Amino acid sequence: LNVLDFEIELQRIFLQEATLLIENVEECFLDLENNPTNPEVITKIFRLAHNLKGSAAGVGLSEVGQFTHHLESLLLIIKEGKITPDNSIVGLLLKSTDHISKMITQLKLDLSATFNSTDLIQEIEAAIKADQNAPSKITKNQGSPDPTDVQTVPKEIPGFHLFEEQTPNLSITQEKNLHDNTASVRQNNSVANVQQDNKLNDPKKSANAATSTKDDEGIRVSLARVQKLIDFVGEIVILQSALRDFAADTKDQGLKRVVDQVGKVTKDVQDISMSLRMVPAKPIFQKLQRIVRDTSQALKKDINFITSGSETEMDKNLLERIGDPLVHLIRNACDHGIESQEDRIARGKSPTGEVVLNAYRQSGKLVFEIRDDGGGLDPEKLIRIAKSKGVISQDAQLNDKDAMHLIFAPGFSTAAKVTDISGRGVGMDVVRTNLEEMQGTISIESKIGVGTTFKILLPLTLAIIDGMVVSVMNEKFVIPLSQVHETVRLSSASIQSTQGFGDILLLRSENAQLYDLGNLLHRREHGNFNKNAIAIIFRTLEQPYAVVVDDILGRHQVVTKQLGEEVRTLRGLSGCTILGDGKPSLILELDDLVREATKDLAPQNFGNRDLKADDSTHQQKLAS
Amino acid sequence: MSDLKSDTDVNGNHLLLKKLFGEQHADQRLLSFSLGTEKFALPLLAVREVISVIDFTPLPFTPNYILGVINIRGQIITVIDLGTRLSIIDKSHRSEAAVIVCESGNIRVALMVDSIDQVINPEPQDIQEKPEVESSIRSRFVKLIYRKDNTIITLIDTAKILNVDTFMDSEINQAA
């Protein structure tokens, strides 16, 4: 390693560390705004800035060093109490942080990048001078913030306890769902969400967090390595279950015991390795905090952003992908949801609007709730706009629920004019598509004049699912357990065969269209199933439907794997997994298969449809 | 005069080799295998491994040459029956069947062949453009042939076989 390489390496390390420092600093600034007199917070910020300045200069990144130096001067007079960090000062601090993180991002790409910091430095200098001219300001703003001041007043800052040692805790939502297998995977290292965030209001705790920074003993590992580990653990799990099958026939008690123990250890190793991908939702919460602050100031609205559940853990992949949808929803809540102050006062509401973000786990799902106490959605207005924009036809009849979902239609926007914040009509349909890609759903509840709540349901992870393993004609398939509503043995069920509509399974109070999985997969003619077969009932489409399988072989947590890119577009499959025998097994998306089959049900194709899988594509092409 | 001509030929053949292996690749060896009574080859560089035929899981709604998926050390790999893909009807030589795992770009696919033959290190003059009269069914996947003495080996274009856009397009088989 020559000296130059060594220097570059040092700079790279610095840039990585700087990114973390910046995140911490930003968090502290927002805290400072609510808590302008807390010396612990100011000291921490000062220390972080000082570290940043020192290390930047140390590795030869002088521009970052110089800029931070100016910032440090400003922080120094805040620390000495010569200036109170009011709204505008915090704004300046945040702007400076943005500038530093911009520099760092650019330097990561190109170590020789240069920057123009003159304007911002002048602003900082001006703030320092302005204060020296008006030293009386110190006492004026102390105590509780002026309620008429137009500013964001977040009641709590999520995740200020980043480095705080936590005793492992079960969260309430999980305890309620003991039958839920996926949740149990991560029970040990999850924390009680609600109490967690309340602690933040306690200044002593915050101070504690600020001083315990040094206790953090985490190491950073690349995601690729974690993924490799998970893949190999997956292999061990498969081998272990093969071992268990072999040992089932043995009379050797010693061997049996060892195999059992290996099984338990394997399960633990799998749980831990899967949990490595799980990260708290906190970074998103921080980002949103900032967005609400900036948005509300730009809109001249007074908005109180209340969050809980920032410690809720989720798969790293999901975390990256949930960001954009949440930003859109929160911005919309601030812009379209919360009314102007005059309107709020006229309606007899508090002039301060409220936007609430909750994250929690429920029934093996991750839930995000975005609530505002704004004007609510007016279904009639939505329908009117949709008609005028040609989103729906002029004579369309929609119920209130469908009308509300119009906001997710492409090209739909209710804002009278396009603002910087939103109103271009691209946001909400992006929200919906992003969520669908993550196998998530979104629902709306809204009342005119009272407010709107969006509820997002997501799987905890895309990497493992609870699967029901079924067999059809000696092939094994996996059906995500979350989609299964119930199962019925055909021998004890009543089936009505109808002309033109196929078979109907009579449930207690309703009817379900009956499909045969072998037939859905084009493996056999409909109706050729064993009368002892089992029907699985799904309620994932508008109408309940039932799918017949030859047998249910069990219920397993399965590690999902993607099919090769060349066959990923196949309908009805959401992926693949490897079962205990080492063979791949397909994970079915029954809704897709049934939707497709309903299309095919037109009588003219039904008779001559080729049931062999290999010719189906060709047949369809000939028919068309 | 004749010297000059053969020189151009060799240069032309160098170009053909580049077509087959790309600009940089020093390794120009071929892995040859049989399908029916014919011989084929792939650039060895594209080959990840050769394994014996294992039980595969069929994929629904795929053309007949897609046999299904297999698990190779935790990775799910699609297997295609190369003989069927190339419209070779003779399936009586399958007792030594093997699976060649090969890749092109991001795609990794397993090709089932009747038997593995050998590794060939071709000289530039052994590689030729495919004659125009070649049966058109497989013309899409074949651009070059290897010819030495009386041996003719058809060189498979891996990029064409392992193309995401046309992978499941069985019409290629039916066309022409």
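Given the structure is predicted, the values throughout are model-derived calculations rather than measurements.

This brings us to the overall build of chain A. For chain A, the count of helices and strands is 22 helices and 18 strands. Relative to its 624 residues, chain A shows a buried fraction of 49%. When contacts within chain A are restricted to residue pairs at least 6 apart in sequence, long-range pairs at least 24 apart make up 70% of them.

What follows concerns helix α3 (residues 62-79) of chain A. Between the first and last C-alpha of α3 of chain A there are 24 Å, a value that for 18 residues agrees with the 26 Å anticipated at 1.5 Å per step. Looking one or two residues past α3 of chain A, G81 of chain A carries a phi angle of roughly 80°, positive in sign.

Turning next to the interface of chain B and chain A. Contact residues are listed per partner, giving 28 residues for chain B and 29 residues for chain A. Buried surface at the junction of chain B and chain A, both sides included, amounts to about 2500 Å², of which 62% is carbon and sulfur. At the boundary of chain B with chain A, the tally comes to 1 salt bridge. With a closest N to O distance of 3.7 Å, D55 of chain B and K583 of chain A form a salt bridge. At the junction of chain B with chain A, the criterion picks out 2 residue pairs in polar contact (both at pLDDT 80 or more). If you list the elements that add at least two residues to the side of chain B that touches chain A, you get β4 (66-72), β5 (75-81), β7 (107-113) and α4 (171-174) of chain B. Across the side of chain B that touches chain A, the residue classes break down as 15 nonpolar, 8 polar and 5 charged.

Moving on, we come to the sheet that holds strand β2 (residues 38-43) of chain B. All names here are of chain B. Spatially, the 6 strands line up as an open sheet ordered β8-β1-β2-β11-β10-β9, and their pairing is mixed. In the strand order of this sheet, the two ends are held by β8 (115-120) and β9 (127-129), each with one partner. Neighbouring strand axes in the sheet, compared pairwise and without regard to direction, differ in orientation by 35° on average. With 3 bridges joining them, β9 and strand β10 (residues 142-148) adopt antiparallel strand pairing. Note that in β10 the partner of Q128 across the bridge is I145.

Below, the discussion takes up the sheet that holds strand β15 (residues 545-549) of chain A. The pairing of strands in a sheet comes from backbone hydrogen bonds and takes either a parallel or an antiparallel form. All names here are of chain A. Ordered by their spatial adjacency, 6 strands build an open sheet running β10-β14-β15-β13-β12-β11, and the pairing between neighbours is mixed. Each edge of the open sheet is held by one strand with a lone partner, namely β10 (484-489) and β11 (494-498). Recorded for the sheet is a direction-independent mean angle of 35° between the axes of neighbouring strands. Of the strand pairs in this sheet, strand β14 (residues 534-538) and β15 are connected by 5 bridges, and their pairing is antiparallel. Opposite I534, over in β15, you have V549 as the bridge partner.

All names here are of chain A. Between helix α2 (residues 39-58) and α3, the least distance of the axes is 9 Å, while the angle of their chain directions is 160°. Overall, the two elements α2 and α3 adopt an arrangement that is roughly antiparallel. Note on packing geometry: the crossing formed by α2 with α3 is left-handed. Residue-level contacts link I42, I45, F46, A49, H50, L52, K53 and A56 of α2 to V64, G65, T68, H69, E72, L75, L76, I78 and K79 of α3. Its residues assigned to classes, the contact of α2 with α3 shows 10 nonpolar, 4 polar and 3 charged.

Under the definition given, this model contains 4 aromatic pairs over all chains. Measuring from ring centre to ring centre gives 5.1 Å for F538 of chain A and Y545 of chain A, while their planes differ by 15°; the resulting arrangement is stacked. By the burial criterion, F538 of chain A is buried, and Y545 of chain A matches it. Site record: aromatic cluster; members linked through ring pairs are Y515, F538 and Y545 of chain A. Positioned over the ring face of F61 of chain B is R571 of chain A, at 4.0 Å from the centre of the ring.

On to the nonpolar core, then. All names here are of chain A. Counting residues in hydrophobic clusters, the biggest one holds 61 residues, and the most contacted among them are L517 and L590. Sequence-distant contacts of L517, that is, excluding residues within four places in its chain, are made with V470, V472, F477, V547, V548, V549, L588, L590 and L593. Membership of the second largest hydrophobic core comes to 49 residues, among which are L288, A333, I383 and L435.

What follows covers the packing of helix α13 (residues 282-299) of chain A against helix α14 (residues 316-337) of chain A. All names here are of chain A. The contact between α13 and α14 brings their axes to 10 Å, and the two run at 25°. Put simply, α13 runs roughly parallel to α14. In this structure, α13 crosses over α14, and the sense of that crossing is right-handed. Contact with α13, carried on its side by P283, I284, K287, L288, I291, V292, T295 and L299, involves L319, I322, G323, L326, V327, I330, R331, C334 and D335 of α14 and no other residues of that element.

Turning our eyes to something else, we now look at the side chain of D516 of chain A. Residues and elements named next belong to chain A. Position of D516 relative to the elements: it lies in strand β13 (residues 511-516). Within the structure, the side chain of D516 is placed 3.2 Å from the backbone nitrogen of G518, a separation counted as a polar contact. Within the local environment of D516, its side chain forms a polar contact with the side chain of R524, the two groups lying 2.9 Å apart.

Note that side chains of opposite charge can pair when their charged atoms are close. All names here are of chain A. Throughout the structure, instances matching the rule amount to 26 salt bridges over all chains. A salt bridge links E339 to K349; the shortest N-O distance between them is 2.6 Å. Here the residue E339 occupies a position in the loop between α14 and α15 (341-346), and K349 occupies one in the loop between α15 and β4 (353-362), the gap between them amounting to 10 residues. One salt bridge in this structure joins E510 and R539, with 2.8 Å as the shortest N-O distance. With E510 in the loop between β12 (502-506) and β13 and R539 in the loop between β14 and β15, this pair connects stretches of sequence that are 29 residues apart. Owing to a relative accessible area of 28%, E510 belongs among the partly exposed residues under this scheme. Residue R539 is classed as partly exposed on the basis of its relative accessible area, which comes to 33%. Put simply, E339, R344, R347, K349 and D373 are held in one network by salt bridges that share partners.

Okay, the confidence of the model for chain A next. Residue and element names in this part refer to chain A. When the pLDDT values of chain A are averaged, the result is 75; 78% of them are 70 or greater. Within chain A, no element has a lower average pLDDT than helix α7 (residues 172-175), which sits at 34, and none a higher one than strand β18 (residues 584-588), at 93. Counted against residues more than four places away or in other chains, residues 135-213, with its pLDDT under 50, gives 141 contacts. Long-range and interchain partners of residues 602-624, a stretch whose pLDDT sits below 50, account for 32 contacts in this model, where long-range means more than four residues apart.

This part takes up the environment of G451 of chain A. Residue and element names in this part refer to chain A. Checked against the element boundaries, G451 lands in strand β7 (residues 451-459). Residue class for G451 comes out buried when judged on its relative accessible area of 9%. Among all residues touching G451, those that are not within four sequence positions of it are D372, D373, G374, G376, E445 and S446.

Criteria and cut-off values
Residues numbered from 1 in each chain as written. Chains lettered and ligands numbered in written order. Predicted model: local features only at pLDDT ≥ 70, side-chain atom pairs only at ≥ 80, totals over all residues. Heavy atoms only, no water. Helix = DSSP H or I, 4+ residues; strand = E, 2+ residues; numbered from the N terminus. Buried < 20%, exposed > 50% of the residue type's maximum accessible area, 1.4 Å probe, protein only. Contact = heavy atoms within 4.5 Å. Expected span 1.5 Å × (residues − 1). Buried area = accessible area lost by both parts, 1.4 Å probe. Salt bridge = Lys/Arg side-chain N within 4 Å of Asp/Glu carboxyl O. Polar contact = N/O pair within 3.5 Å; in protein donor to acceptor, adjacent residues only side chain to side chain. Nonpolar A, V, L, I, M, F, W, Y, C, P; charged D, E, K, R; others polar. Pairing = 2+ DSSP bridges. Axes fitted to C-alpha atoms, helices over the stretch in contact; angles between N-to-C directions. Parallel < 35°, antiparallel > 145°, perpendicular 65-115°, else oblique. Left-handed = near helix turned anticlockwise from the far one by under 90°. Phe/Tyr/Trp six-rings, centres within 6.5 Å; stacked < 30°, edge-to-face > 60°. Lys NZ or Arg CZ within 6 Å of the ring centre and 35° of its normal. Core = buried A, V, L, I, M, F, W, Y, C linked by side-chain atoms within 4.5 Å. pLDDT = per-residue confidence, 0-100.

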